[in-house]
Amino acid sequence: MNLFGSYDVVVTGAGSSGIVAAIRAAREGAHVLLLEGTGFLGGLITGGRLTKPTGLINSKIFEEMLDRCVGYKGADGRVRESYWGKYTGTFDAEVMQRVIIEMVEEAGVEVLLRANVVQTVMKDNAVHGLLIRTKSGESLVLAKAFVDASGDGDVAALAGADFMLGREGDGLTQPITSYFRVLNVNVPALIADCEANRADMWEVVYPKEAGNRNEDYAMAVLLTGFQQRIKDKVAEGFDWIIPKDHITMKTGLIPGEISVNVTRFQGNGLDDRDLSRAEIEIRKQAYCAFDFLQRYVKGFEDSIFLEVAPKLGVRETRRITGHYVITEADVRGNKRFDDAIGLCNSPVDVHEPGGSRAIMDHVGIGYGIPYRTMVPLAVDNLLVAGRCISADAIAFGSTRNVPACTMTGEAAAIGAVLAAKRGVPTSAIPASEVQARLRELGVWLGTPGEAVPDVLKQAS
């Protein structure tokens, strides 16, 4: 077998959690390889056009990424507020891609794109290597510690870790989606339409000081609703083929640019046939939604369909079973944990599996994410980060969002580096040592008795 290389830490998956993990691990002095199955970095925050963190950012690496985007005039770094809580402002996907490349290269991370993990090399229930497949064939990658930030928990599953999939009862997962982008929208006219139909809108967020130019609204508008309008137009004969009863949209960096979140495909994100069908059906739904907006929503009359996001938005697959499963009660009850590695205020964001509805429930000042949720049962030398951490189906509605993904990525990196430097399994690293480093960095941990950050003191 060809040996590709030996490393201190290997991170699998270059979405938001994997990018943060790789940069933090390298900055902590580790020799790092970042593996990614696609041809780009950033996952959903770049290729998926998921450019608005749902909640407040509490990862120092991701905070720096946003600050650099602001420096390139490609982000609104202000804290905004919606009916579901406070969130850190939006950014442009391509500006974020530029920043990611800069920071990964500055940190000295080695990147291998279009590389898929096909097997784990195990000894005494611990991961010691990965068999990867690329265009060049199969190769072996060795490391002292591993971080699974694949989103799907691929490495953990290949290593034999237990996992949860879908909700209790029928096993259905949250539906797959993709943003689509529209140009040449008259944003002031769109906002006037939403204000005139305020009873049909769940949220209308925009800068009140803005004027009549599209430029005044760039990266600063968030709209959700249109439920009654959809219902009325369907009754009049419009062929609405989308199994979702509302629309969410946000403005982008380009004046008059709108990203729309409305598509919905019920399928298994681990099934090749379902994923292929989703790619096609979601595009058909995007065209349908665009026709609806042009006909029935003011401001879209002269709009231009630009694209469907190139990376499919798989919301939910495996949730790796860890030494603790964070629960709905923990999230809704602002639970604090002795081993918490980050305070998260992301709402409970659940798109109804098999249905058309969604919930976005405020969680107030937030909850702590236990380090134990990142440590798989019965598999050693591996930490999980991102949406595949150990959570029940409803708590997952919060932990799958970018703030939690980036916090767990940063914590996993610190744990993995400590293990690699000491030549011990990841299970030998106490949470307290990871927490100590995070405190040095200025992360809000979510531990008992910890002071609430000023930005969250007014939350309820």
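Data block above holds the structure.
The rules behind each value
Residues numbered from 1 in each chain as written. Predicted model: local features only at pLDDT ≥ 70, side-chain atom pairs only at ≥ 80, totals over all residues. Heavy atoms only, no water. Helix = DSSP H or I, 4+ residues; strand = E, 2+ residues; numbered from the N terminus. Rg over C-alpha atoms; globule rule 2.2 N^0.38 Å. Buried < 20%, exposed > 50% of the residue type's maximum accessible area, 1.4 Å probe, protein only. Contact = heavy atoms within 4.5 Å. Areas by Shrake-Rupley, 256 points an atom, 1.4 Å probe, with all protein chains shown as cover. Lys, Arg positive; Asp, Glu negative; His and termini not counted. Charge placed at Lys NZ, Arg CZ, Asp CG, Glu CD. Pairing = 2+ DSSP bridges. Axes fitted to C-alpha atoms, helices over the stretch in contact; angles between N-to-C directions. Polar contact = N/O pair within 3.5 Å; in protein donor to acceptor, adjacent residues only side chain to side chain. Phe/Tyr/Trp six-rings, centres within 6.5 Å; stacked < 30°, edge-to-face > 60°. Core = buried A, V, L, I, M, F, W, Y, C linked by side-chain atoms within 4.5 Å.

K.L.:
Can you help me understand the overall build of the protein chain in this one?
P.N.:
In terms of helices and strands, the protein chain carries 11 helices and 21 strands. Against the 2.2 N^0.38 benchmark of 23 Å for 460 residues, the protein chain shows a C-alpha radius of gyration of 21 Å, consistent with a compact globule. Overall size of the protein chain, expressed as C-alpha extent along the three principal axes, is 65 × 50 × 45 Å. In the protein chain, which comprises 460 residues, the share counted as buried stands at 61%. Taking the intrachain contacts of the protein chain between residues at least 6 apart in sequence as the baseline, contacts between residues at least 24 apart amount to 73%. As displayed, the protein chain has an accessible area near 17400 Å², and 49% of this comes from carbon and sulfur atoms. Measuring between centres, the 49 positive side-chain charges of the protein chain sit 1 Å from its 58 negative side-chain charges.

K.L.:
Got a minute to help me understand the sheet that holds strand β15 (residues 304-308) in this structure?
P.N.:
Two pairing modes exist for strands in a sheet, parallel and antiparallel, and in both the strands are linked by backbone hydrogen bonds. Taken together, six strands build an open sheet; the order of strands is β11-β12-β13-β14-β10-β15 and the sheet is antiparallel. Each having just a single partner strand, β11 (201-205) and β15 make up the two edges of the open sheet. Neighbouring strand axes in the sheet, compared pairwise and without regard to direction, differ in orientation by 20° on average. As defined by bridge partners, β11 adjoins strand β12 (residues 222-225) across four bridges and the pair is classed as antiparallel. Directly across from valine 205, in β12, lies its bridge partner leucine 222. Strands in contact with helix α5 (residues 187-196) are β11, β12, β13 (247-251) and β14 (258-261); relative to β11, the strand with the most contacts, it is inclined by about 140°.

K.L.:
Explain the side chain of asparagine 261 here, please?
P.N.:
Along the chain, asparagine 261 falls in strand β14. Take asparagine 261: its relative accessible area is 12%, and that puts it in the buried class. Not counting chain neighbours up to four residues away, the residues in contact with asparagine 261 comprise Thr177, Tyr179, Lys244, Ile247, Thr248 and Arg315.

K.L.:
Would you mind going over the side chain of serine 17 with me for this structure?
P.N.:
Tracing the chain through its elements places serine 17 in helix α1 (residues 16-27). Discounting chain neighbours no more than four positions away, the residues touching serine 17 are Ala149, Ala385, Gly386, Cys405 and Gly409.

K.L.:
Would you explain unusual backbone geometry in this entry?
P.N.:
Most peptide bonds adopt trans geometry, and most residues besides glycine take a negative phi value. You will see that asparagine 184, though not glycine, has its phi angle at about 65°, which is positive. Secondary-structure assignment places asparagine 184 in the loop between β10 (180-183) and α5. Although it is not a glycine, methionine 219 adopts a positive phi angle of roughly 55°. As for its placement among the helices and strands, methionine 219 is situated in the loop between β11 and β12.

K.L.:
Help me understand α5 in this model?
P.N.:
Residue pairs spaced three or four apart in an α-helix point in one direction, given the helix's 3.6 residues per turn. Within α5 the residues assigned to the buried category are Val187, Pro188, Leu190, Ile191, Asp193 and Cys194. On the buried face of α5, the contacting elements are β11, β12, α6 (227-235), β13, β14 and α7 (272-296). Capping of α5 at its N-terminal end is provided by asparagine 186; its side-chain oxygen lies 3.1 Å from the backbone amide nitrogen of alanine 189.

K.L.:
Hey, could you run me through the packing of aromatic side chains in this one?
P.N.:
The tally for this structure, following the rule as stated, stands at 10 aromatic pairs. Geometrically, the ring pair formed by phenylalanine 62 and phenylalanine 91 is edge-to-face, given 6.3 Å between the ring centres and 75° between the ring planes. With phenylalanine 62 in helix α2 (residues 60-71) and phenylalanine 91 in the loop between β4 (85-88) and α3 (93-107), this residue pair connects regions lying 29 residues apart in the sequence. Using a relative accessible area of 0% as the deciding quantity, one classes phenylalanine 62 as buried. Ring geometry for tryptophan 84 and tyrosine 87: centres 5.3 Å apart, planes at 35°, overall tilted.

K.L.:
How do you make sense of the nonpolar core when you look at a structure like this?
P.N.:
Grouped burial of nonpolar side chains is what soluble globular proteins tend to show. Of all hydrophobic cores here, the largest spans 95 residues; its most connected members are Val9, Phe62 and Met65. In terms of residues, this core owes the most to one element, helix α10 (residues 402-422), which gives 12 residues. By size, the runner-up hydrophobic cluster in this structure holds 39 residues, among which are Ile176, Ile258, Phe292 and Leu312.

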